[in-house]
Amino acid sequence: MKAVPPNEQRALVERLTKACGGAYSPETRRKYFISGPQWAAAYQGQALFYAPTRQPITYEDVIRELGKIGVGYWTTHDSDVIPAEHLGTDRQGEIIASIQKTLTSNDVKCSMVTTETFYHEVFAAGPAAESPEIREYSAFRVRNTVDIGHELGASYAVYWPGSLGYLTQGAIEETQTLKWYAEALNAACERDIEVAKKKGRPTLKHCLEAKPFEPQAEILLPTSDAMLAFIASGLLTHPEMVGLNPEFLHELMWGGAPRAALARALVAGKLWHFDINDGYRLKHDVDIGVGLVNPLDWLNTLMLLRSHGFNGPFNLDFKPHRSTSNWGVFAVSFPTAVDRFITLWEMAGEALEDPILREATDALKAGSGVKAGTDGKAIHEANRELLTLHELIAHRLVQLLLGLHRGRTYSV
Ligand code: XLS
Ligand code: MG
Ligand code: MG
């Protein structure tokens, strides 16, 4: 084996990436409502027990590189781009103006803004802590994020209450904490109504994002379903303005089927935004790029979304591998993630039209036609062969995913 000196490594990675094939042009990528988060691109590889492996990068770098790749939308936390001490000050205005210029010159739009309510030390006891001054600060942060969203032309605001919980039970009263958390969301919605009116813009779609654990051990709204119940609890003054931003891996983390979680959000009319990534069941938040772990689950998920007309936003909330270089983040991580997503999306469209899957599902819905009344055994008998189609459907989906329906040739 031949050593690859540092000055030849990029060329090698570039050549092998090209040799992989299957890449889409930036123009094609821009046709999809895919967004690139500032925090994903700027992630330095330091979670959870690690030292950073990449250099810091700026929003100018991120927006420019996303634009080149063909990711047409950008998302950010308030404090990803505005240091906490400048939030709500004149300096914020200057930064926003500069971001706007960068977005315009790279033909990228800001689609979503989110408030960081987990990193800053003020949130040590969460955004809905007992002290009124902490809660006032949380309300200031979410209101200010609404302002930023309108300034940047965003349509969505996301809230991930990862610090709304505790390490040990008993120290806080959950019902009260939930009421206080609702007050922060109410403050955001009320500010939104005001600003939207002033600016002649529609109000933002406010989307809650659940994660079952991390950074708190126990979280008060751990799943998308808990959030649906919270939205309908009567605590929100504008429940019609609040929906969900589920994250694929977050549903796996509690052991759920992402597709089923999304289905529950769909029937509630609350699937508004979707964080796309991948990882493992009942493990921590590894935020691996979409489709690298569970491509079959992804194909299934996208079939459900396509058949219900959900076309995005799809937010690339993943963490480029720690072993990937700064250069590799935009040369490999982002373009390959986007391309896997597009391929799976298009495959999902084909699978929905697949004549075998169509005929099988139609036949299942038609049933046997045998009138067996209340005789359960006879009904089962009458449907016995038909129900074998469930397994055939699973086989067909794997075939479509792996190209097995076209057969394989083997070189050895
Ligand atoms: C963390 C969340 C976070 C949100 C935005 O696990 O996924 O990145 O998407 O705060
Ligand atoms: Mg997320
Ligand atoms: Mg995650």
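Residues numbered from 1 in each chain as written. Chains lettered and ligands numbered in written order. Predicted model: local features only at pLDDT ≥ 70, side-chain atom pairs only at ≥ 80, totals over all residues. Heavy atoms only, no water.

**Q** Any details on the overall build of the protein? Residues and values, ideally.
**A** For the protein, the count of helices and strands is 16 helices and 10 strands. Against the 2.2 N^0.38 benchmark of 22 Å for 412 residues, the protein shows a C-alpha radius of gyration of 23 Å, consistent with a compact globule. Judged by the C-alpha coordinates and their principal axes, the protein covers about 70 × 65 × 45 Å. Restricting to contacts in the protein with at least 6 residues of sequence separation, those with at least 24 account for 77%. Of the roughly 20,300 Å² of accessible surface on the protein, 56% is carried by carbon and sulfur atoms. Between the averaged position of the 41 positive side-chain charges in the protein and that of its 49 negative side-chain charges there is a distance of 6 Å. (Helix = DSSP H or I, 4+ residues; strand = E, 2+ residues; numbered from the N terminus. Rg over C-alpha atoms; globule rule 2.2 N^0.38 Å. Contact = heavy atoms within 4.5 Å. Areas by Shrake-Rupley, 256 points an atom, 1.4 Å probe, with all protein chains shown as cover. Lys, Arg positive; Asp, Glu negative; His and termini not counted. Charge placed at Lys NZ, Arg CZ, Asp CG, Glu CD.)

**Q** Pulling in residues and values, what's your account of unusual backbone geometry?
**A** Between Glu214 and the following residue, Pro215, the backbone shows a cis peptide bond with an omega angle of -5°. One can find Pro215 in the loop between strand 6 (205-208) and strand 7 (218-219). For the peptide bond that leads from Gly312 to Pro313, omega is 5°, which places it in the cis range. Note that Pro313 resides in the loop between helix 12 (295-307) and strand 10 (314-315).

**Q** Tell me what's going on with the coordination of the magnesium ion (ligand 2), and back it up with residues and numbers.
**A** Octahedral six-donor coordination of a metal ideally yields angles of 90 or 180 degrees, compared with 109.5 degrees for tetrahedral four-donor coordination. Taken together, Glu209 (OE), Glu247 (OE), Asp275 (OD) and Asp317 (OD) make up the full set of protein donors to the magnesium ion (ligand 2), lying 2.0 to 2.1 Å away. Taken together, the 6 donor atoms surrounding the magnesium ion (ligand 2) define angles of 79 to 171° at the centre, an arrangement classified as octahedral. We note that the donor set of the magnesium ion (ligand 2) lies within a single chain, spaced as E-x37-E-x27-D-x41-D. Between the magnesium ion (ligand 2) and the magnesium ion (ligand 3) the interatomic distance amounts to 4.7 Å, and Glu247 serves as a bridging ligand to the pair. Of the two residues, Asp275 is situated in strand 9 (residues 274-275) and Asp317 in the loop between strand 10 and helix 13 (326-353); the sequence distance between them amounts to 42 residues. We classify Asp275 as buried; its relative accessible area is 1%. (Donors = N, O, S within 2.8 Å, 3.2 Å for Na, K, Ca; no water. Tetrahedral: all angles 85-135°; square planar, octahedral: opposite > 155°, others 65-115°. Buried < 20%, exposed > 50% of the residue type's maximum accessible area, 1.4 Å probe, protein only.)

**Q** Account for the sheet that holds strand 4 (residues 156-159), naming residues and giving values.
**A** Read across the sheet, 8 strands follow the order 8-6-4-3-2-1-10-9 without closing on themselves; strand pairing throughout is parallel. Each of the sheet's edge strands pairs with one partner strand only, and the pair in question is strand 8 (242-244) and strand 9. Note: strand 2 (residues 73-77) against strand 3 (residues 109-114), 5 bridges, orientation parallel. Residue pairing across strands places Tyr73 opposite Lys109, the latter belonging to strand 3. Its contacts with the sheet place helix 8 (residues 174-199) against strand 4, strand 6 and strand 8, and it is angled at close to 160° to strand 6. (Pairing = 2+ DSSP bridges. Axes fitted to C-alpha atoms, helices over the stretch in contact; angles between N-to-C directions.)

**Q** Requested: an account of the site of ligand 1, with residues and values cited.
**A** Taken together, Trp39, His77, Thr114, Phe118, Trp160, Glu209, Lys211, Glu247, His250, Asp275, Asp285 and Asp317 make up the full set of residues adjacent to ligand 1. His250 has a polar side-chain atom sitting 3.4 Å from an oxygen atom of ligand 1. Side-chain polar atom of Asp275 to an oxygen atom of ligand 1: 3.0 Å apart, as the coordinates give it. Compared with its free state, where it exposes 290 Å², ligand 1 has 94% of that area covered by protein. The residue inventory of the shell around ligand 1, partitioned by class, reads 3 nonpolar, 3 polar and 6 charged. (Near = heavy atom within 4 Å. Polar contact = N/O pair within 3.5 Å; in protein donor to acceptor, adjacent residues only side chain to side chain. Nonpolar A, V, L, I, M, F, W, Y, C, P; charged D, E, K, R; others polar.)

**Q** Account for the packing of helix 7 (residues 132-152) against helix 8, naming residues and giving values.
**A** Taken N-terminus to C-terminus, the directions of helix 7 and helix 8 make an angle of 30°; their axes are 9 Å apart at the nearest point. Considering their axes alone, helix 7 and helix 8 lie roughly parallel with respect to each other. Every pair of crossing elements has a handedness; the one defined by helix 7 and helix 8 is right-handed. For the pair formed by helix 7 and helix 8, the contact residues are Arg135, Ala139, Val142, Arg143, Val146, Asp147, His150 and Glu151 on the first element and Trp180, Glu183, Ala184, Ala187, Ala188, Arg191, Asp192, Val195, Ala196 and Lys199 on the second. For the contact of helix 7 with helix 8, the class distribution of residues is 9 nonpolar, 1 polar and 8 charged. (Parallel < 35°, antiparallel > 145°, perpendicular 65-115°, else oblique. Left-handed = near helix turned anticlockwise from the far one by under 90°.)

**Q** Outline the pattern of salt bridges, supporting the account with residue identities and numerical values.
**A** For the coordinates displayed, the defined rule picks out 18 salt bridges. With its nearest N and O atoms 2.9 Å apart, the salt bridge here joins Glu151 to Lys199. Placement of the pair is Glu151 in helix 7 and Lys199 in helix 8, with a sequence separation of 48 residues. Judged by its relative accessible area of 39%, Lys199 falls in the partly exposed class. Put simply, Asp61, Arg64, Glu65 and Lys68 are held in one network by salt bridges that share partners. (Salt bridge = Lys/Arg side-chain N within 4 Å of Asp/Glu carboxyl O.)

**Q** So what's going on with the environment of Arg191? Residues and values would help.
**A** With respect to the helices and strands, the residue Arg191 is situated in helix 8. Note: C-alpha distance between Arg191 and Val146 (45 residues apart in sequence) is 7.2 Å. Setting aside residues up to four positions removed in sequence, Arg191 forms contacts with Arg143, Val146 and Asp147.

**Q** Talk me through the coordination of the magnesium ion (ligand 3); I want residue IDs and the actual numbers.
**A** The magnesium ion (ligand 3) binds to the protein through Glu247 (OE), His250 (NE2), Asp285 (OD), Asp285 (OD) and Asp287 (OD), with metal-donor distances spanning 2.0 to 2.5 Å. Between consecutive donors of the magnesium ion (ligand 3), the numbers of intervening residues give the motif E-x2-H-x34-D-x1-D. When its relative accessible area of 2% is taken as the criterion, Asp287 is described as buried.

**Q** Hey, could you go over the pairing of strand 1 (residues 34-37) for me, with residue numbers and the actual values?
**A** Looking along a regular strand, one sees side chains alternate from face to face of the sheet. Residues of strand 1 alternate between two faces, with Ile34 and Gly36 on one and Ser35 and Pro37 on the opposite face, all of them buried. The sheet contact formed by strand 1 and strand 10 spans 2 bridges and is parallel. Residue pairing across strands places Ser35 opposite Asn315, the latter belonging to strand 10.

**Q** Before we move on, could you go through the packing of aromatic side chains and cite the residues and values that matter?
**A** One pass over the full model with this rule turns up 15 aromatic pairs. The residue whose ring lies beneath Arg135 is Trp180, and the NZ or CZ to ring-centre distance is 3.8 Å. Note that Lys319 overlies the ring of Tyr43, its terminal NZ or CZ placed 5.6 Å from the centroid. (Phe/Tyr/Trp six-rings, centres within 6.5 Å; stacked < 30°, edge-to-face > 60°. Lys NZ or Arg CZ within 6 Å of the ring centre and 35° of its normal.)

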